[in-house]
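Summary of the model geometry
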Amino acid sequence: MEEDYKRVWAECLEVIKDTLGPENRKAFDTWFTPIVPLQLEGTTLLVQVPSPFFYEWIEEHYIDLLKRVIRMQLGPNGMLKYSIVVDQTIPTDPMVTTLPSSQRSSTRNPLTDLPVNLNRDGSRDIPNPFVIPGIQKTRVNSQLSPNYTLENFVEGDCNRLARSAGYAVAEKPGQTAFNPMLLHGNVGLGKTHLANAIGLKTKQLHPDKTVLYVTSEQFMQQFAEAGRAGTTNDFIHFYEMIDVLIVDDIQFWSGKAPKTQEAFFHVFNRLHQRGCQIIITSDKAPGDLQGLEPRLLNRLKWGLSADLQAPDVETRKRILRQKLQNDGIDMSDEVIEYIAYNINANVRELEGALISLIAQSSFNRKQITLDLTKQMIDKYVQNTTREITIDYIQKVVCDYLELPVDAIQQTSRKREIVQARQLSMYFAKKITKSSLAVIGAQCGNKDHATVLHACKQIENLRQTDRYMRKMVDELEKKLAE
Ligand code: ADP
Ligand code: MG
């Protein structure tokens, strides 16, 4: 009976060896054979490990496996306790500290939590995990981009909810109602940027959390590779130890990859149970995500789904100014306005236009003038879709009448302002596909009847009033430019 602990550990080792398989033989020799069983107290097995680092490594990489094995041998209350040799350089009577196996599944424990100085007198060799074959990483590479921060994610009506929910999530990952957090919106509206930014902010506020960003395509490929290599369990374990998991572009799985989706479903449930945060992006709203496993789709509805809209013109200007400031480049307001008014589909195009313009001007050593901008942007816009917006019409009309562009939003009944508003409505009706209600809402918050009246009024004046005819003709030309 006295030797029970040895027998229990020997049996554990058998199972571990089996589970790891021959391809992980090196890892087994490195991390498991040095463990020495010491004692069995009820259902708690005390084992000795050679160093604090060793303890951390095992907790980080093999805790799930160990837990399972211990419970197999010692029943559901089976526990593992470590006795850690703190300093091997003192030959007599090594100091020992015991730590219980962590209750959290497995995140890296910060070194500072251990009551030892690992590098005392430089006399200790810390095993370098990079040189141990069969094991690739010491730390999960977060795959976050340092450039996509929350600070440089410009706020506007188009993203306010998503951005502030993102901040809340970063402050208390897994602890808010926003779990999972689903970010959706058309391409180029900032989903990847915002998801990444939440990851960075989380790392900043909680350095001890393991954050991982993956694209759904990457997840699918890794899963397929793990299947081929027979390491699917490792794959699942790896994902189960992440604290904040960001999966980008989940629509990629639509109508395919049922096994990947199943694996993710499993990981999702485990993480959610453990109070870990899950952030998912999609270019479709949950209701339109056809071809995704219904079970998975159902899970996605648990938390918050926040959408990103196309930014309005003021936000577009602020985004441009911020990009310029980051790059240390100066541009006149009229140039910025021209770009902001003419490129409205999404932020990626806005950035693309800005970059081409900067490139043009530096290749040809030309100043970035309004003329150069017009040529460039017009070419650029022809290649994409040029769409004249109500914003742009208002801008042209107000410039022509020498009014500030927000004049249209004022409730004023001053003749020139009423005229500007009516002209904007008239051209918006003529040129854009917007409904009367939308036009009214954007032109000083009026109803559709007011818009209709304005259109008739301008048309009448155009027939009867020479001055008005000239003005409408000139504006028409400017808008067509
Ligand atoms: P999505 O993933 O939705 O397709 P991205 O996150 O890749 O879009 O965004 C496209 C580009 O636009 C990125 O370079 C990003 O930095 C930028 N961007 C998007 N939204 C904003 C914003 N609100 N503030 C600053 N940059 C933004
Ligand atoms: Mg993206």
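For the structure, see preceding data.
Presented here is a report on the structure given in the accompanying data block. Source: prediction; values computed, not measured. (Residues numbered from 1 in each chain as written. Chains lettered and ligands numbered in written order. Predicted model: local features only at pLDDT ≥ 70, side-chain atom pairs only at ≥ 80, totals over all residues. Heavy atoms only, no water.)

1. Looking at the site of ligand 1
As a reminder, the rule being used: For this purpose, a residue is taken to be near a molecule or strand whenever a single non-hydrogen atom of the residue falls within 4 Å of it. Counting of polar contacts relies on pairs of N or O atoms within 3.5 Å, with two restrictions inside protein: one atom must be capable of donating a hydrogen and the other of accepting it, and residues adjacent in sequence are counted only when both atoms are side-chain atoms. Areas reported as accessible are Shrake-Rupley estimates using a 1.4 Å probe. Residue values count occlusion only from the protein chains shown. In this description a helix means any DSSP run of H or I spanning at least four residues, a strand means any run of E spanning at least two, and both kinds are numbered starting from the N terminus.
With respect to spatial proximity, 18 residues lie near ligand 1, and among them Gly188, Lys191, Thr192, His193 and Glu351 are the closest. Contact between ligand 1 and Lys323: a nitrogen atom at 3.2 Å from a side-chain N or O atom of the residue. The fraction of the free accessible surface of ligand 1 (560 Å²) that becomes covered by protein chains is 94%. Mapped by element, the contributors of at least two residues to the shell around ligand 1 are α6 (191-205), α11 (313-327) and α13 (347-363).

2. Concerning the pattern of salt bridges
Condition: Each reported salt bridge corresponds to a side-chain nitrogen of Lys or Arg within 4 Å of a carboxyl oxygen of Asp or Glu. Three exposure classes are used, based on accessible area relative to the maximum for each residue type with a 1.4 Å probe and protein chains only: buried under 20%, partly exposed in between, and exposed over 50%.
The tally for this structure, following the rule as stated, stands at 21 salt bridges. We note a salt bridge from Asp157 to Arg160, for which the minimum N-O separation is 2.6 Å. According to the relative accessible area criterion, Asp157 is exposed, its value standing at 59%. Overall, the relative accessible area of 39% leaves Arg160 in the partly exposed class. Among the ionic contacts, a cluster of salt bridges with common partners joins Glu314, Lys317, Glu337, Lys395 and Asp399.

3. So, the sheet that holds strand β7 (residues 244-248)
Hydrogen bonds along the backbone pair up the strands of a sheet, which may run parallel or antiparallel. Our working definition: At least two DSSP bridges between two strands are needed for those strands to be called paired. Throughout, an axis means a line fitted to C-alpha atoms (over the contacting stretch in the case of helices), and angles, computed between N-to-C directions, take values from 0 to 180 degrees. Whether two residues touch is decided by their heavy atoms; if any such pair falls within 4.5 Å, the residues are in contact.
Strand order in the open sheet formed by five strands is β6-β7-β8-β5-β9, with parallel pairing between adjacent strands. Either end of the sheet is taken by a strand with one partner, and the two such strands are β6 (211-215) and β9 (304-307). Strand after strand, the sheet turns through a mean of 15° between neighbouring axes, direction not considered. Where β6 meets β7, five bridges bridge the pair, whose relative direction is parallel. Looking at β7, one finds that Val211 is bridged to Val244. Strands β6 and β7 of the sheet are contacted by helix α7 (residues 216-229), whose axis makes an angle of about 90° with β6. Contacts between helix α9 (residues 258-273) and the sheet are confined to β7 and β8 (277-282), with β8 contributing the most and set at about 140° to the helix.

4. A few points about the pairing of strand β5 (residues 181-184)
With burial as the criterion, each face of β5 is covered, one bearing Met181 and Leu183 and the other bearing Leu182 and His184. Here β5 runs beside β8; their pairing, made up of four bridges, is parallel. Paired with Met181 across the two strands is Ile279, which belongs to β8. Pairing of β5 with β9 involves four bridges; the strand directions are parallel. Bridging from a neighbouring strand, Met181 pairs with Leu304 of β9.

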